[in-house]
Amino acid sequence: MTPSGAAPVPVVLAGARGHGAWHLENLRRLSATGLVRLAGICDTAALAPGEPAGFPEPARGTDLGELTARTGAGIVIVCTPIHTHTDLALAAAAQGAHVLLEKPPAPSYAAYERLVAGVEASGRACQIGFQSLGSHALAAVRRLVADGAIGAVRGIGAAGNWVREEHYFRRAAWSGRRRIGATDVVDGVLTNPLAHAVATALALDGTERAEDVGAIELELFRANAIEADDTSALRLRTARGTVVTVTATLCAERNTEPYVVVHGDRGRVTFWYKHDRVLLQRAGHGPQERRYGRTDLLENLVAHVRHGEDLLVPPHATGAFMKVVEAVRTAPDPVPLLPDAWRTEPGERSARRVVTGVDAMVSAGAERLALFSELGAPWAAAGGVVPR
């Protein structure tokens, strides 16, 4: 029982491998407080006896709707391949469960619309798993901007320099794919690994709904032998006139923490969203840095179900992000970088491909609100800009 006397909410986890391990750890933490209990695990891969450790033996199955009904789950966490998100979330909602759905919510805007309509018809709640949008720093940065701390906003930039070895793209049949047959996947750097950079930049502007997004420009490249993009640039204009630019790569020379920076005419605010850290720099003042707390999205979903608290990331709040996903989905296939644009280096488990000079280009893109081709990246010259 929780301190309030309420019984723990039974939870089914769909997808216990990969990122599912993070959810298992979070479930261990929340189970210890009596807020939830792990009632079942739905996974196509068999788990070993006693796995996962630290839980009473949960029910198991491969049919999520059946397992949800059998366990009486109040909440289902969907942490499965992107192209299965919509169907599995709706299957859980149809059995009366509320849903925590991993990002991206869907691989296409049509699938997203089907998700929104289906969830609304079910009367169940759905939370989209953009954990950064639970950060208390978001509201703090918005207040700083609204109070004029950095003057008039010139634009918002985001940068992500990540290192991913070649085995990362072999971890599953859908990894690094744009589609499987006729089924959209859209597992690109902007839409999955560094999707938080896109979503957080949009959230800082207050841009949530699809109609809040105007023109979108894209430059999509790949150094790895995959279908999807691993090194890309995005620029869009929001309904309020803000220019938002995101430059990101999985082929960095050095792994660094992604961040979003709000540029003003009298200063700037930088937000390292994985660590809830904010740095305010402005004319006539010394730099001010502060760390903030974060509300866990599963805890928020439970509070919504029990007490009516507002969801932090309901599906409609990701419409703007889904416009970006749709632009990437419908763009021409990413431009393969020529071998002279990248090199191979040894990694911990497998080799990795490093795009020459990409770290500086990613940082410059966030600083100057510019695309790779505008920054003079030699490997981007032939890529062109795809307006959407």
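As a reminder, the structure under discussion sits directly above these lines.
Here's what I pulled together on the structure shown here. This structure is a prediction, so every number in the text was calculated from the model and none was measured.

1. Considering the overall build of the protein
At step 1: Tallying secondary structure elements over the protein gives 9 helices and 20 strands in all.
At step 2: At 21 Å, the protein has a C-alpha radius of gyration in line with the 21 Å of a compact globule built from 388 residues.
At step 3: Across its three principal directions, the C-alpha atoms of the protein cover 60 × 50 × 40 Å.
At step 4: The buried share among the 388 residues of the protein stands at 56%.
At step 5: When the accessible area of the protein is evaluated, it comes to approximately 15,700 Å², of which 52% is carbon and sulfur surface.

2. Considerations on the nonpolar core
At step 1: Ranked by internal contacts, the top residues of the largest apolar core, which has 100 residues, are Leu27, Leu190, Leu218, Leu234 and Phe321.
At step 2: Ranked by the residues each element gives to this core, the list is headed by helix H6 (residues 195-204), at 8 residues.
At step 3: Contacts of Leu27, omitting those with residues within four sequence positions, involve Val11, Leu13, Val36, Leu38, Phe55, Ile77 and Leu298.
At step 4: By size, the runner-up hydrophobic cluster in this structure holds 25 residues, among which are Cys251, Tyr259, Trp272 and Val355.

3. What to know about H6
At step 1: For H6, the tally of buried residues reaches 10 of 10 residues, placing the bulk of the element in the interior.
At step 2: Those residues of H6 that sit buried are Ala195, His196, Ala197, Val198, Ala199, Thr200, Ala201, Leu202, Ala203 and Leu204.
At step 3: Phi for Gly206, located one or two positions after H6, is positive at around 75 degrees.

4. Some points on the sheet that holds strand E1 (residues 9-14)
At step 1: Pairing is parallel across the open sheet formed by 6 strands, whose spatial order is E3-E2-E1-E4-E5-E6. On the outer flanks of this sheet lie strand E3 (59-61) and strand E6 (126-128), each paired with one strand and no other. Strand-to-strand twist in this sheet, taken as the mean axis angle between neighbours without regard to direction, amounts to 20 degrees.
At step 2: Of the strands in this sheet, E1, strand E2 (36-42), strand E4 (75-78), strand E5 (98-101) and E6 touch helix H7 (residues 297-307), which is tilted by about 160 degrees from E5.

5. Things to note about the environment of His98
At step 1: Checked against the element boundaries, His98 lands in strand E5.
At step 2: Separated by 188 residues in sequence, His98 and Gly286 have C-alpha atoms that sit 46 Å apart.
At step 3: With residues up to four places along the chain from it excluded, the contact list for His98 reads Gly74, Ile75, Val76, Arg124, Ala125, Leu301 and Val305.

6. A short note on H7
At step 1: Every buried residue belonging to H7 is among Leu297, Leu298, Asn300, Leu301, Val302 and Ala303, and all of these are buried.
At step 2: Tucked inside the fold, the buried residues of H7 contact E1, helix H1 (20-32), E2, E4, E5 and E6.
At step 3: Among the residues of H7, the N-terminal cap falls to Asp296, whose side-chain oxygen and the backbone nitrogen of Leu298 are separated by 3.0 Å.
At step 4: Positive phi shows up at Gly308, right after H7, with a value of about 80 degrees.

7. So, the pairing of strand E18 (residues 342-345)
At step 1: Across 4 bridges, the pairing between E18 and strand E19 (residues 352-355) is antiparallel. By the bridge assignment for E19, Thr344 is matched with Arg353.
At step 2: In sequence, E18 turns back onto E19 through a hairpin of 6 residues.

8. A word on the packing of aromatic side chains
At step 1: Scanning all chains against the criterion turns up 6 aromatic pairs.
At step 2: On the numbers, 5.1 Å between centres and 85 degrees between planes, the contact of Tyr168 with Phe169 is edge-to-face.
At step 3: Note on Tyr168: relative accessible area 16%, which makes it buried.
At step 4: Given the relative accessible area of 10%, Phe169 is considered buried.
At step 5: Between Phe221 and Trp379, the ring centres sit 5.7 Å apart and the planes meet at 85 degrees, which makes this aromatic pair edge-to-face. With a gap of 158 residues between them, Phe221 in strand E10 (residues 213-222) and Trp379 in the loop between helix H9 (358-368) and strand E20 (386-387) connect regions that are remote in the sequence.
At step 6: Following the ring pairs from residue to residue traces out a cluster consisting of Phe221, Phe372 and Trp379.

9. Looking at the side chain of Thr249
At step 1: Mapped onto the elements of the fold, Thr249 is located in strand E12 (residues 243-249).
At step 2: On the accessibility criterion, Thr249 (0% relative accessible area) is buried.
At step 3: There is a polar contact of 2.9 Å between the side chain of Thr249 and the backbone nitrogen of Cys251.
At step 4: Among residues more than four places away in sequence, those in contact with Thr249 are Gly160, Asn161, Trp162, Val189, Leu194, Asp230, Thr231, Val358 and Val362.

10. Looking at the packing of helix H5 (residues 137-146) against H6
At step 1: Across the interface, H5 lies against H6 with an axial gap of 10 Å and an inter-helix angle of 40 degrees. The angle between the axes of H5 and H6 places the two elements in the oblique class. Here Leu138, Val141 and Arg142 of H5 come into contact with H6, specifically with Thr200, Ala203 and Leu204.
At step 2: Taken together, the residues that form the contact of H5 with H6 break down as 4 nonpolar, 1 polar and 1 charged.

11. Quick look at the side chain of Thr71
At step 1: Mapped onto the elements of the fold, Thr71 is located in helix H2 (residues 64-71).
At step 2: In this structure, Thr71 is in contact with Val12, Ala39 and Ala59, ignoring residues within four places of it in sequence.

12. Some remarks on the pattern of salt bridges
At step 1: Throughout the structure, instances matching the rule amount to 20 salt bridges.
At step 2: One salt bridge connects Glu299 with Arg29, and the closest N-O pair in it is separated by 3.1 Å. In this pair, Glu299 is assigned in helix H7 and Arg29 in helix H1, connecting sequence segments 270 residues apart.
At step 3: Taking the relative accessible area as the measure of exposure, Arg29 reaches 40% and is therefore partly exposed.

13. Examining the environment of Ala317
At step 1: By the secondary structure assignment, Ala317 is in the loop between H7 and helix H8 (319-330).
At step 2: With 114 residues separating them in the primary sequence, Ala317 and Ala203 have C-alpha atoms 8.8 Å apart.

Rules of the game
Residues numbered from 1 in each chain as written. Predicted model: local features only at pLDDT ≥ 70, side-chain atom pairs only at ≥ 80, totals over all residues. Heavy atoms only, no water. Helix = DSSP H or I, 4+ residues; strand = E, 2+ residues; numbered from the N terminus. Rg over C-alpha atoms; globule rule 2.2 N^0.38 Å. Buried < 20%, exposed > 50% of the residue type's maximum accessible area, 1.4 Å probe, protein only. Areas by Shrake-Rupley, 256 points an atom, 1.4 Å probe, with all protein chains shown as cover. Core = buried A, V, L, I, M, F, W, Y, C linked by side-chain atoms within 4.5 Å. Contact = heavy atoms within 4.5 Å. Pairing = 2+ DSSP bridges. Axes fitted to C-alpha atoms, helices over the stretch in contact; angles between N-to-C directions. Polar contact = N/O pair within 3.5 Å; in protein donor to acceptor, adjacent residues only side chain to side chain. Phe/Tyr/Trp six-rings, centres within 6.5 Å; stacked < 30°, edge-to-face > 60°. Parallel < 35°, antiparallel > 145°, perpendicular 65-115°, else oblique. Nonpolar A, V, L, I, M, F, W, Y, C, P; charged D, E, K, R; others polar. Salt bridge = Lys/Arg side-chain N within 4 Å of Asp/Glu carboxyl O.

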